[in-house]
Amino acid sequence: MTAELRKVIGRIMRAPEGFLDAAQLDEARKARRSFMGKALAMGAGVASTVASSALAQDGDKAILNLPTHSTSLGLPVAATGYGMPSQWEKNLQRRESPGLTRVTQASVSFTPLQGLFGIITPSGLHFERHHQGWHDIDPSGHRLMINGLVQEERVFTMDDLMRLPSVSRIHFIECGANTGAEWGNVALPTVQYTHGMLSCSEFTGVLLSTLLEMCGVDKKKGKYVLAEGADGSSMTRTISMERALDDVIVAWAMNGEMLRPENGYPLRLVVPGVQGVSWVKYLRRIEVGDERYDTKDETIHYIDMMPNGMHRQYTSVQECKSVITTPSGGQVLMDKGFYNITGLAWSGRGKIKRVDVSVDGGRNWRSARLETPILSKALSRFNIDWVWDGSPTIIQSRAIDETGYVQPKLNQLRAVRGTKSIYHNNAIQSWKIDSNGEVSNVQVS
Ligand SMILES: Nc1nc2c(c(=O)[nH]1)N[C@H]1C(S)=C(S)[C@@H](COP(=O)(O)O)O[C@H]1N2
Ligand SMILES: [Mo]
């Protein structure tokens, strides 16, 4: 049975949008029925895994007809000064979750994790979280001030900063509210919406420690720094001096080019391993102080409601977490057979050590292949072979980081945290696969 199924490359109706609309779903079901009929008749079928050709069943003959692009002149260079994705990929978009927020200036657009490969998020698909809209700030007028418990308070221009010794490092950024809607019940259909406040990029900038040293920071009295953004949201977050002097970057570049305006152009803080809110965009001021600042973004927002009714403050580190991105909610497995299960794992405390995958609702676990590089406080990509026998099942991934911390089950997390939280949900995600191949979001104990 298994050896036979292995010959069949399972086809996935991927839907770059993350989910299929009613008409597409109908088409998938029809195609699935006719494919299953043919596969049975032929013994085994071969087909592609991409959405656009998922329905092609006689693709082998197409290779004989030379298409126009093989017999004509192509486009000249520099048709576009800045390259864009193929027209065939136009459905792969950041998307807002309808009704999530009242106004689109204080909103989120989610990264389409289901359509991405490897660990780097293309800059145009990096998720956005704005509290008060975004701006495209003229860098020549932008300044960064460092004040407070320092020998010399200073104001830097962008030119001043970009002359300094820089570092380039790959890190994930995850909003503390990522997966927040899932605390109570299943709330969202696709991985884009459940986990898409997550991106990973190479950031370039000057270490905050370099700037603090230049200003003669008082390391004895200075226990904290406050980071402040230049937009109207008055985004301000306290960061411990220990962390500020460690790996925090005052960054101007992302994935080889200057930051995108939505992501903080011309300057943002990169606080590796820490929730997104501390990655202050449009960074204009760092103040060194002797106590925590208890700003609105750390007393009212980004706090955890515990089961005893008390709020927990300053949960900053994003704990070890993982999610299967394919197959994931909204996709459809078109037939039985071989599939590559793939997903992402990350930890705010360092490197990913192992990712286990279950294809039977958590009873048995196998270790997935981790792709290199495996970097500290960055996304790691995992892959594992799977032969689906066509029966309904639940697939899950569980990550373990280099500290030995194991990603918890939802119920283990709820036992400690209750169900009233919004932030910091790093539970194991379950995707249910129906006998008709449809994948959906479920919660299991
Ligand atoms: N100035 C400023 N910085 C900000 C925000 C903001 O609204 N204004 N949002 C924060 C939050 S809550 C998150 S999750 C990250 C999102 O960064 P991104 O939009 O680049 O994904 O930026 C943080 N920094
Ligand atoms: Mo956030």
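Refer to the structure presented above.
All residue numbers refer to position in the chain's written sequence, counted from 1. Each chain is given a letter, starting from A, and each ligand a number, starting from 1, according to the order in which they appear as written. For this predicted model, a pLDDT threshold of at least 70 governs which residues receive local features, and a threshold of 80 or more governs which side-chain atom pairs are given and counted, while totals over whole chains, interfaces and linings are taken from all residues. Calculated side-chain values reflect all of the structure's heavy atoms, with hydrogen atoms and water omitted.

Asker: Hey, could you run me through the pairing of strand β5 (residues 154-157) in this one?
Answerer: On a regular strand, one side chain projects to one face of the sheet and the next to the other, so that they alternate. We treat two strands as partners when DSSP finds at least two bridges between them. Elements are defined by DSSP. Helices are runs of H or I of four residues or more, strands are runs of E of two residues or more, and each kind is numbered from the N terminus. Here strand β4 (residues 143-148) runs beside β5; their pairing, made up of four bridges, is antiparallel. Note that in β5 the partner of Arg 143 across the bridge is Thr 157. Hairpin connection, β4 to β5: the antiparallel pair is bridged by five residues.

Asker: What should I look at first to understand the site of ligand 1 in this one?
Answerer: Near residues are defined by distance, with any heavy atom within 4 Å of the molecule or strand qualifying the residue. The local shell around ligand 1 holds 21 residues, among which Phe 127, Asp 231, Arg 268, Lys 281 and Tyr 302 are the closest. Counting of polar contacts relies on pairs of N or O atoms within 3.5 Å, with two restrictions inside protein: one atom must be capable of donating a hydrogen and the other of accepting it, and residues adjacent in sequence are counted only when both atoms are side-chain atoms. Trp 279 has a polar backbone atom sitting 3.1 Å from a nitrogen atom of ligand 1. Between ligand 1 and Lys 281 there is a distance of 2.6 Å, counted from an oxygen atom to a side-chain nitrogen or oxygen. Protein burial of ligand 1: of its 530 Å² of free accessible surface, 100% is covered by the chains. Here the accessible surface of atoms and residues is derived via Shrake-Rupley with a 1.4 Å probe, and residues count as covered only by protein chains that are part of the display.

Asker: Even after reading the chapter, I still don't get the environment of Leu 410, so can you show me in this structure?
Answerer: In this structure, Leu 410 sits in helix α10 (residues 410-417). What makes two residues a contact is simply this: any of their non-hydrogen atoms within 4.5 Å. Not counting residues up to four positions away in its chain, the partners in contact with Leu 410 are Glu 182, Asn 425, Ala 427 and Gln 443.

Asker: Quick question: what am I supposed to make of α10 here?
Answerer: Working note: α-helix, 3.6 residues per turn, so residues spaced by three or four point in the same direction. Note on exposure labels: buried denotes an accessible area under 20% of the residue type's maximum, exposed denotes more than 50%, and partly exposed covers the range between, all computed with a 1.4 Å probe on protein chains only. Inspection of α10 places Leu 410, Leu 413, Arg 414 and Arg 417 among the buried residues, and these make up the whole buried set. The buried residues of α10 all sit within an arc of 100° when viewed along its axis, so they share a single face. More than 90 degrees from the buried face of α10, the exposed residues found are Ala 415 and Val 416. Taken from the residues just after α10, Gly 418 is the one with a positive phi, measuring 75°. Each C-beta atom gives one direction from the helix axis, and the arc is the one those directions make.

Asker: I'm lost on the sheet that holds β4 in this one. Help?
Answerer: Within a sheet, each strand pairs with its neighbour through backbone hydrogen bonds, oriented either parallel or antiparallel. Pairing within the open sheet is mixed, and its five strands lie in the order β5-β4-β13-β8-β9. Both outer strands of the open sheet, β5 and β9 (236-240), are each paired with one neighbouring strand and no more. Adjacent strand axes in the sheet meet at a mean angle of 20°, parallel and antiparallel pairs treated alike. Two elements, β4 and strand β13 (residues 283-289), share four bridges in a ladder whose sense is parallel. Looking at β13, one finds that Asn 147 is bridged to Glu 287. Axis geometry follows a simple rule: fit a line to the C-alpha atoms, using only the stretch in contact for helices, then measure angles between N-to-C directions, giving values from 0 to 180 degrees.

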